Amino acid sequence: MKRTVVIGYDQSPSADRALAQAGREAAWRDAAVEVVTGYHWVAMSYPASYIPVNIEGAATKIAGDGLQWLRNRYPGIGAEAKVIAGPAADALAEASRDAELLVLGNRGRGGFTGLLLGSVSMRTLTLASCPTMIVRGTPRKSTDTVVLAADVADPNDESMDFAFTEAAARGARLKAVTVWDLDWTGADDPDTADSLVLAERNALTDIRSALERQLNPWHAKHPDVRLTVEVLGGTPSATLTGLTANTDLIVAGAHRRGDGHLGMRPGPTAHTLLHHADCPVVVVPRT
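Quick caveat, the model's predicted, so the values are computed rather than measured. (Residues numbered from 1 in each chain as written. Predicted model: local features only at pLDDT ≥ 70, side-chain atom pairs only at ≥ 80, totals over all residues. Heavy atoms only, no water.)

1. Considering the overall build of the protein chain
Our working definition: For helices the rule is a DSSP run of H or I covering at least 4 residues; for strands it is a run of E covering at least 2, with both sets numbered from the N terminus onward. Type-normalised accessible area, obtained with a 1.4 Å probe on protein chains alone, sets the label of each residue: buried when under 20%, exposed when over 50%, and partly exposed for intermediate values. Two residues qualify as a contact provided that any one of their heavy atoms is within 4.5 Å of a heavy atom in the partner residue.
Tallying secondary structure elements over the protein chain gives eight helices and 11 strands in all. A buried classification covers 45% of the 287 residues belonging to the protein chain. For the protein chain, contacts bridging at least 24 residues in sequence account for 78% of all contacts bridging at least 6.

Below, the structure is given as structure tokens:
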């Protein structure tokens with residue numbers, strides 16, 4: 001079965017950016033695109049005479065417009081439009097259940113200036129069962145760099161696999177970064193400063209070696225990917241967010257919800273990136 005990239009589309013400026021990104025992702029993967037528009041109307045008891053406009057027809061037109069744009073931009077790409085009734089997040093999660101990637105805008109038609117991440121996008125992420133990309137950040141010239149936010153203490157094979165595959169598809173460099181907040185109490189004490197500096201240096205060397213071992217199987221699978229490994233000090237959320245100003249994409253992992261649902265439970269670092277990163281963010285769930 002042909003691979004599929006699903007795009008949640010509502011014709012907002014944010015969704016237009018996501019639609020363009022979905023087309024590029026599909027072209028890189030030789031995948032089909034499914035343009036999904038959800039519609040939802042809750043009946044009101046008052047006023048009794050109120051009759052909603054043809055929201056299904058409006059949703060069909062929105063999805064069709066997105067589909068036509070894709071076909072004009074990528075004439076050889078397989079694409080179709082789908083309109084689903086129900087809450088948008090639930091509809092998108094269901095539509096992307098078997099997709100290779102779900103692409104969403106940062107905020108939809110109900111968003112407002114200054115909103116960090118739309119409620120539909122955030123809820124969809126917590127329900128989605130496939131890697132989910134939130135297209136956000138300042139549009140700019142490509143840096144040909146993908147960043148993997150790696151957690152040495154809790155490695156995520158799925159996010160490493162996705163990051164290498166994405167870098168290979170783009171022909172981009174992959175920068176695997178792990179951040180450790182090494183708080184060396186007593187570093188200002190001259191009697192212990194030298195030993196603490198040595199301890200920190202050894203700790204960083206051990207962390208780097210552990211990360212390289214975790215990455216080796218995936219690098220062997222994608223030997224043409226230009227890989228760099230960095231171990232940085234500081235607060236993970238702030239440090240990784242700072243890197244996104246010069247990055248095309250950042251990839252982070254997430255645990256499953258664990259309550260019988262397939263959705264994700266983004267940790268503090270992924271949550272911060274989703275709200276503050278200056279580039280698109282992909283959150284990859286564990287299997």
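2. Some thoughts on the packing of helix H1 (residues 13–29) against helix H5 (residues 157–170)
Quick reminder of the rule: Fitted lines through C-alpha atoms serve as axes, helices being fitted only where they are in contact, and the angles separating the N-to-C directions of these axes extend from 0 to 180 degrees. Angle categories: roughly parallel below 35 degrees, roughly antiparallel above 145, roughly perpendicular from 65 to 115, and oblique for all the rest. The nonpolar class holds Ala, Val, Leu, Ile, Met, Phe, Trp, Tyr, Cys and Pro. Asp, Glu, Lys and Arg form the charged class, and all remaining residues, Gly among them, are polar.
Running from N to C, H1 and H5 point in directions that differ by 90 degrees, and their axes come no closer than 9 Å. With respect to H5, the axis of H1 lies roughly perpendicular. Contact residues: Gln21, Glu25, Trp28 and Arg29 in H1; Phe162, Glu166, Ala169 and Arg170 in H5. Per-class residue counts for the contact of H1 with H5 are three nonpolar, one polar and four charged.

3. With respect to H1
Note the following rule: A helix is expected to reach a length of 1.5 Å times the quantity of its residues less one.
Helix length check: H1 (17 residues) gives 25 Å between terminal C-alpha atoms against 24 Å at 1.5 Å per residue, within 8%. Of all the positions in H1, only Ser14, Ala15, Ala18, Leu19, Ala20, Gln21, Ala22, Gly23, Glu25, Ala26 and Arg29 are classed as buried. Looking at the buried positions of H1, the neighbouring elements they touch are strand E1 (4–8), strand E2 (32–39), helix H2 (55–73), strand E4 (101–105), strand E5 (132–135) and H5. Backbone geometry just after H1 places Asp30 at a positive phi near 55 degrees.

4. Let's talk about the environment of Arg3
Using the following cut-off: N or O atoms closer than or at 3.5 Å make up a polar contact, with two conditions inside protein: a donor-capable atom paired with an acceptor-capable one, and, for residues adjacent in sequence, both atoms drawn from side chains.
Within the secondary structure, Arg3 is located in the segment before E1. Once the C-alpha coordinates of Arg3 and Ala99 are considered, the two residues, 96 residues apart in sequence, prove to be 6.8 Å apart. With residues up to four places along the chain from it excluded, the contact list for Arg3 reads Arg29, Asp30, Ala31, Ala32 and Glu100. Among the polar contacts listed, one links the side chain of Arg3 to the backbone oxygen of Arg29, at a separation of 2.4 Å.

5. Observations regarding the nonpolar core
Cut-off, in case you're wondering: Buried Ala, Val, Leu, Ile, Met, Phe, Trp, Tyr and Cys residues that are joined via side-chain atoms within 4.5 Å together make up what is termed a nonpolar core.
With 45 residues, the main nonpolar core has Ile7, Val33, Val103, Leu148, Leu174, Leu215 and Val251 as its most contacted residues. The contacts of Leu174, once residues within four sequence positions are left out, are Val146, Val147, Leu148, Ala163, Phe164, Ala167, Val225, Arg226, Leu227 and Thr228. Membership of the second largest hydrophobic core comes to 30 residues, among which are Val6, Leu273, Val281 and Val283.

6. Some remarks on the side chain of Thr244
Checked against the element boundaries, Thr244 lands in the loop between helix H7 (236–243) and strand E9 (249–256). At a separation of 2.6 Å, a polar atom in the side chain of Thr244 contacts the main-chain carbonyl oxygen of Thr241. For Thr244, the side chain forms a polar contact with the main-chain nitrogen of Asp278, separated by 2.9 Å. Those residues in contact with Thr244 that lie beyond four places of it in its chain are Arg140, Ile250, Leu273, Ala277, Asp278 and Cys279.

7. Comments concerning unusual backbone geometry
We note that Gln11 has phi near 70 degrees; this positive angle belongs to a residue other than glycine. By the element assignment, Gln11 lies in the loop between E1 and H1. Under the relative-accessibility criterion, Gln11 is labelled partly exposed at 31%.

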